[in-house]
Amino acid sequence: MDAGTERNSSIRMERVTYSVGGRRIITDFDMSLEKGVNRTILGVSGVGKTTILKLLLGLLKPDSGEIYLNGQSIAGLRESQLSRLRRNIAIVFQNGALFDSMTVGENVGYRLLEEGELSEAEIERIVLEKLSFVGLEKTINLYPAELSGGMKKRVAIARAIAAEPEYIFFDEPTTGLDPIGIYNIRTLMLTLQRQGKTTLMVTHDLHTAFAVSQRFSFLHDTQLIFDGPEEELRNATHPGIREFFSPTEQSLFVNDRINDLDPLLHERAVTHLARQRPIKH
Amino acid sequence: MNVAIFDRAAKLALLQIQEFFALAARAVLRGFAPPFYYREFTTQFAKIGVDSLFIICLTGLFTGMVMALQALIQLRPFAATSYVGGMVAVTMIKELGPVLSSLMVAGRVGSAITAELGTMVVTEQVDAMRVEGTDVVKRLVTPRLKATLVAMPLLTIVTDTVALGGGYLIAMGYDINLLMYYKSLPQFMVFQDLIEGVVKPAVFGFIIVMISCYIGLSTRGGAEGVGTSVKRAVVLSSVLILVTDFFMTKIFIVFR
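Each value, and the rule that gives it
- Residues numbered from 1 in each chain as written.
- Chains lettered and ligands numbered in written order.
- Predicted model: local features only at pLDDT ≥ 70, side-chain atom pairs only at ≥ 80, totals over all residues.
- Contact = placed C-beta atoms within 7 Å.
- Helix = DSSP H or I, 4+ residues; strand = E, 2+ residues; numbered from the N terminus.
- Nonpolar A, V, L, I, M, F, W, Y, C, P; charged D, E, K, R; others polar.
- Pairing = 2+ DSSP bridges.
- Axes fitted to C-alpha atoms, helices over the stretch in contact; angles between N-to-C directions.
- pLDDT = per-residue confidence, 0-100.
- Domains from an automatic or database assignment.
- Core = buried A, V, L, I, M, F, W, Y, C linked by C-beta atoms within 7 Å.
- Buried ≥ 20, exposed ≤ 12 C-beta atoms within 10 Å, placed from the backbone.

If you look at the interface, chain A gives 17 residues, while chain B gives eleven residues. Counting only elements with at least two residues in the side of chain A that touches chain B, the list comes to helix H3 (79-86), strand S6 (89-92) and helix H5 (110-115) of chain A. The element best represented in the side of chain A that touches chain B is H5 of chain A, accounting for four residues. Looking at side-chain class alone, the side of chain A that touches chain B contains eight nonpolar, two polar and seven charged residues.

All names here are of chain A. With respect to topology, six strands assemble into an open sheet ordered S6-S7-S8-S3-S9-S10, the strand pairing being mixed. Since the sheet does not close on itself, it has two edges, and those belong to S6 and strand S10 (223-229), each with one partner. The average undirected angle you get between the axes of adjacent strands in this sheet is 15°. Pairing of strand S9 (residues 215-220) with S10, which is carried by six bridges, proceeds in the antiparallel orientation. Across the sheet, the residue bridging to Phe-218 is Phe-226, located in S10.

A few words on the sheet that holds strand S1 (residues 11-20) of chain A. All names here are of chain A. What the four strands build is an open sheet, ordered S2-S1-S4-S5; its pairing is antiparallel. The sheet is open, and its two edges are formed by strand S2 (23-33) and strand S5 (72-73), each paired on a single side. Summarising the sheet, S1 and S2 pair through seven bridges and their orientation is antiparallel. Within S2, the residue paired with Tyr-18 across the bridge is Ile-26.

Moving on: the confidence of the model for chain A. Atom-level detail of predicted coordinates should not be read off regions where pLDDT is low. The predicted model of chain A has a mean per-residue pLDDT of 86, with 84% of residues at 70 or higher. Note that pLDDT drops below 50 for residues 1-8 of chain A; the model gives that stretch five contacts with residues more than four away or on any other chain.

So, on to the environment of Val-239 of chain B. Relative to the elements of secondary structure, Val-239 of chain B occurs in helix H10 (residues 222-254). Between the alpha carbons of Val-239 of chain B and Ile-73 of chain B there is a distance of 31 Å; along the sequence they are 166 residues apart.

What follows deals with the domain arrangement of chain A. Residue and element names in this part refer to chain A. The assigned domain composition of chain A is domain 1 (1-88 + 165-234), domain 2 (100-163) and domain 3 (246-281). Measuring from the centre of the C-alpha atoms in domain 1 to the corresponding centre in domain 2 gives 24 Å. Taken residue by residue, the interface counts ten residues in domain 1 and nine residues in domain 2. A total of five residues in the side of domain 1 that touches domain 2 trace back to one element, the largest contributor, which is helix H8 (residues 179-194). Taken together, the residues of the side of domain 1 that touches domain 2 sort by class into seven nonpolar, three polar and no charged.

The subject of this paragraph is the nonpolar core. If you look at the biggest cluster of nonpolar residues, it comprises 126 residues, and the most contacted ones within it are Ile-91, Val-155, Ala-158 and Ile-168 of chain A together with Ala-68, Val-84 and Val-88 of chain B. In terms of residue count, helix H4 (residues 84-122) of chain B provides more of this core than any other element does, 16 residues in total. Viewed by domain, this core spans two of them, domain 1 (1-88 + 165-234) and domain 2 (100-163) of chain A, each represented by three or more residues. Other than its neighbours up to four places away in sequence, Ile-168 of chain A contacts Ala-90, Val-92, Ala-160, Ile-161, Leu-192, Lys-197 and Thr-199 of chain A.

Below, the structure written as structure tokens:
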């Protein structure tokens, strides 16, 4: 990406570093989200992908570096000022983060009710429209505890799109779902993209990532080690990426550990891995 | 090494105190500007006030009864059992009523507030609210604070009244009629005692809610973190109620 494009990006991070309790989570992380270019941040579990989304939304404060929302730096902004900048962005949290004390309908219409600009009838119409978009209009009076994991994520998508944001962030949207649930989420994401929404997803689900994104960032050992399109990612030679892509290569690492522990266990593991076939993309 | 540990602990403690007072100030100031979240206020008032009535009545009844019993044993050798009503009243209204009802509310309501907010934090519901444009303090803390500030004095009045009733039940067994019991009340009390009896629970309610909300919103680390937060909130609120009670009593004595 050239410098001009990066500067025009309305959402971007520049050399962001973040630590928790002395432990470095991300180091000098750069990323930009251009309108219409759907991006996925990849990396193994616990590497700090969700942290990046929270930093972008101003939910966490970086140790150093700059974060821009709608082209404006969020450093030193008060919560009310941040709220205005976030108006254009929504997020679907990993487990939905639906408000347990509210019904599905109240969850979906939450932002609209808070803003208080629309009549109750208008909000109800929008809520029904968004719920029918995710195929859950019959759940409007249910509570989150009465929904399955996949349904919760779809309600969370309905809530995210209720105020018509331009950008939607997805935090591990397919984790813990069955194949039908994953298919539903992918379809919804693609439909939203066709409607003009720009998505930023963090995941370790490669199939979904390649299905819904054009650009990829790869986070490894607190640092960004790749930023580019799918072809370049597939051909990347960095060991961290190769390990992530290839179960055989990944297993070599495990083999070494097992070998240290128990030769018999190592032999069994090698036999088992030999039967496995690498994932084809 | 030890100096460094002490230094870090002291800084952390000061930071937490600063955060606590910042949260308290924001919660109070947010109460004067719309939206006022009336529905949230009534829900919290029902949870904090109405739902606590049974346990508060139980506390008041048995405390009043035991106070009367002890007082009667002490007063009997002096043929002064007719003063039992006044003794129960002054002890309950000035001290035991506010303290015991606050401790009950700290255990019952404070723990619930911390658990609820802590769970909302660890399940990212608080983050979701912030992204949806909600002022979390205004939405979650201020209605609870308002509800408690209204409910605590009322609950204490109920505790005191039930305790006086309980005291009379015991006094009846010692041939003290209602008139004697009632007439002894003003002999031990002045109007300022009644003020003390409603100001104290309001202050204790403030402590309970702010400690519970602060610890709840600072929760980290999943279900275990929520459990730890609840324990901290109840212990800290209870200790602060007792400590504050001492200093408030001193202040009221000075202005007597």
